[in-house]
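# Examination of the molecular architecture
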Amino acid sequence: MRSAPRPRSFAFAGYLVMLLGFLFLGLFVMSLAGGVDAPSWMFGLAMAALFAGALTAFRMQIRLSEATRDSDVYVSSDPLTPPLRRTDVEQYERTYRRARATTTEITPATEGTRLYKAA
């Protein structure tokens, strides 16, 4: 199912940038508490820029996902899901989703459960 070309994953880059933002959040709080002899504003500014960059990367991935919704290659907004061809998705749905639609409802037991019998 990995027959589609791999486009850029903005969401994966966003996760990495967000991790750096949390690192700078820790440095910012530590510098405010007096644990680091550096001006706090540098860490705060870097933290804000990294979180804004992560948010921008997530928005770019969502736009990429919406742009490819009607094309042959389906790109998910999840960074760990590889892009799939539309024919692969339709084949999966025909093969596995068809069985779910034909199942019947589960009927409740009329005589009780084992726990009921044990009491």
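Criteria and cut-off values
Residues numbered from 1 in each chain as written. Predicted model: local features only at pLDDT ≥ 70, side-chain atom pairs only at ≥ 80, totals over all residues. Heavy atoms only, no water. Helix = DSSP H or I, 4+ residues; strand = E, 2+ residues; numbered from the N terminus. Buried < 20%, exposed > 50% of the residue type's maximum accessible area, 1.4 Å probe, protein only. Contact = heavy atoms within 4.5 Å. Areas by Shrake-Rupley, 256 points an atom, 1.4 Å probe, with all protein chains shown as cover. Expected span 1.5 Å × (residues − 1). Axes fitted to C-alpha atoms, helices over the stretch in contact; angles between N-to-C directions. Parallel < 35°, antiparallel > 145°, perpendicular 65-115°, else oblique. Left-handed = near helix turned anticlockwise from the far one by under 90°. Nonpolar A, V, L, I, M, F, W, Y, C, P; charged D, E, K, R; others polar. Phe/Tyr/Trp six-rings, centres within 6.5 Å; stacked < 30°, edge-to-face > 60°. pLDDT = per-residue confidence, 0-100.

### Some points on the overall build of the protein
- When helices and strands are counted, the protein shows four helices and two strands.
- The linear arrangement of helices and strands in the protein, starting from the amino end, is α-α-β-β-α-α.
- Out of the 119 residues belonging to the protein, those deemed buried represent 21%.
- In the protein, of all internal contacts separated by at least 6 residues, the share reaching a separation of at least 24 is 56%.
- Surface exposure of the protein reaches about 9,300 Å², of which carbon and sulfur atoms provide 63%.

### Describing helix α1 (residues 10-33)
- Between its first and last C-alpha, α1 extends 34 Å over 24 residues, near the 34 Å set by a 1.5 Å rise per residue.
- Those residues of α1 not exposed but buried are F10, A11, G14, G21 and S31.
- In this fold, the buried residues of α1 make contact with α2 (40-67).
- Two residues or fewer after α1 comes G34, characterised by a positive phi angle close to 100°.

### Structural notes on the packing of α1 against α2
- Axis separation between α1 and α2 bottoms out at 8 Å; the angle between their running directions is 160°. By the angle between their axes, α1 is roughly antiparallel relative to α2. The crossing of α1 and α2 is left-handed.
- Of the residues assigned to the contact of α1 with α2, the class counts are 22 nonpolar, seven polar and no charged.

### Structural notes on the packing of aromatic side chains
- Throughout the structure, instances matching the rule amount to three aromatic pairs.
- With centroids separated by 5.1 Å and ring planes inclined at 65°, the aromatic side chains of Y15 and F58 adopt a geometry described as edge-to-face. Of this pair, Y15 sits in helix α1 while F58 sits in helix α2, and the two are 43 residues apart along the sequence.
- The interplanar angle of 75° and the centroid separation of 5.2 Å between the aromatic rings of F22 and F51 together place this pair among those described as edge-to-face. With F22 in helix α1 and F51 in helix α2, this pair connects stretches of sequence that are 29 residues apart.
- A relative accessible area of 26% means that F51 is categorised as partly exposed.

### Focus: the confidence of the model for the protein
- Across the protein, pLDDT averages 77, with 66% of residues at or above 70.
- Across the protein, the secondary-structure element scoring lowest on mean pLDDT is helix α4 (residues 114-118), at 57, and the one scoring highest is α1, at 92.

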